[in-house]
Amino acid sequence: MLTIDCRDVESIKNELLVYVSDQVAAIPTLKTNEFVLSAIEDDDTIDTNEVITSIKEFLDSIGEGNNFAVISTNQIVSIRSISGKKIKRDPIPQPQMFSCPHCGFVTRFEVEHNAHMKIHYL
């Protein structure tokens, strides 16, 4: 597991999570100020350099590449503002999402999520 600290880029955390997890083929888990990437297979490991490269590519694509440093320490990758300025964007309302902790299935509907969860216990 690899933790990505997004305190300075909180407003773009969701977009960043989708981009990075697609680039490195990992399972993302969203948390308050960070997200965690887990390997798809238990035997696999996540390449930290690949994650850092993906984060830098994303920041470059939105024109913020020169304003942020991506720092790796142990199993934590931090995105820090060089000038102290954080990215501020108007939050886009996100619909409530339900995610299966067993397989990653995601739905907007709680009833569908509950029905899906039952298949793991048959």
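Here the structure is shown first, and the text comes after it.
Predicted model only: the values in this text are computed from it and were never measured.

Q: It is not clear to me how the overall build of the chain should be interpreted in this structure. Could you clarify?
A: Looking only at helices and strands, the chain has 3 helices and 7 strands in total. Counting over 122 residues, the chain shows a buried share of 33%. Here the contacts in the chain between residues at least 6 apart in sequence split such that 45% fall between residues at least 24 apart. For the chain, the exposed area adds up to about 8,100 Å²; of that, 51% sits on carbon and sulfur atoms. In the chain, 11 positive and 18 negative side-chain charges are present, and the distance between their average locations comes to 10 Å.

Q: Help me understand the sheet that holds strand S2 (residues 26-30) in this model?
A: Paired through their backbone hydrogen bonds, the strands of a sheet run either parallel or antiparallel. Strands sit in the order S2-S3-S1-S5-S4 across an open sheet of 5 strands; the sheet is mixed. Looking at which strands have only one partner, the edges of the open sheet turn out to be S2 and strand S4 (68-73). Neighbour to neighbour, the strand axes of the sheet diverge by 20 degrees on average, direction disregarded. Across 4 bridges, strand S1 (residues 2-5) lies against strand S3 (residues 34-39) in antiparallel orientation. Bridging from a neighbouring strand, Asp5 pairs with Glu34 of S3. Packed onto the sheet, helix H2 (residues 48-61) meets S1, S3, S4 and strand S5 (76-81) and runs at close to 170 degrees relative to S4.

Q: I keep staring at the pairing of S3 and nothing clicks. Help me out?
A: The side chains of a regular strand alternate between the sheet's two faces. As defined by bridge partners, S2 adjoins S3 across 5 bridges and the pair is classed as antiparallel. Within S3, the position partnered with Leu30 by the bridge is Phe35. In this antiparallel pair of consecutive strands, S2 and S3, the connection spans 3 residues.

Q: Teacher, can you tell me more about the pairing of S1 here?
A: Burial along S1 is two-sided: the residues Leu2 and Ile4 and Thr3 and Asp5 are all buried. Sheet topology places S1 next to S5; 3 bridges connect them, and they run parallel. What sits directly across from Ile4, in S5, is Val77.

Q: How should I be thinking about helix H3 (residues 110-119) in this particular structure?
A: In an α-helix, one turn spans 3.6 residues, which is why side chains three or four residues apart end up on the same side. For H3, the complete set of buried residues consists of His113, His116 and Met117. In a view along the axis of H3, the buried residues occupy a sector of 105 degrees, so they form one face of it. Turned more than 90 degrees from where H3 packs its buried face, Val111, Lys118 and Ile119 sit exposed. Elements that come into contact with the buried residues of H3 comprise strand S6 (98-99) and strand S7 (106-107).

Q: Got a minute to help me understand the pattern of salt bridges in this structure?
A: Note on pairing: side chains with opposite charge can pair once their charged atoms come close. Taken as a whole, this structure holds 3 salt bridges when the rule is applied. Between Asp5 and Arg80 there is a salt bridge whose closest N-O contact spans 2.5 Å. Of this pair, Asp5 sits in strand S1 while Arg80 is found in strand S5, placing the two residues 75 residues apart along the sequence. Of the residues examined, Asp5 reaches a relative accessible area of 7% and is grouped as buried. Overall, Arg80 belongs to the partly exposed group, its relative accessible area being 28%. Here the salt bridges do not stand alone but share partners, grouping Asp5, Arg7 and Arg80 into one network.

Basis of the calculations
Residues numbered from 1 in each chain as written. Predicted model: local features only at pLDDT ≥ 70, side-chain atom pairs only at ≥ 80, totals over all residues. Heavy atoms only, no water. Helix = DSSP H or I, 4+ residues; strand = E, 2+ residues; numbered from the N terminus. Buried < 20%, exposed > 50% of the residue type's maximum accessible area, 1.4 Å probe, protein only. Contact = heavy atoms within 4.5 Å. Areas by Shrake-Rupley, 256 points an atom, 1.4 Å probe, with all protein chains shown as cover. Lys, Arg positive; Asp, Glu negative; His and termini not counted. Charge placed at Lys NZ, Arg CZ, Asp CG, Glu CD. Pairing = 2+ DSSP bridges. Axes fitted to C-alpha atoms, helices over the stretch in contact; angles between N-to-C directions. Arc of directions from axis to C-beta. Salt bridge = Lys/Arg side-chain N within 4 Å of Asp/Glu carboxyl O.

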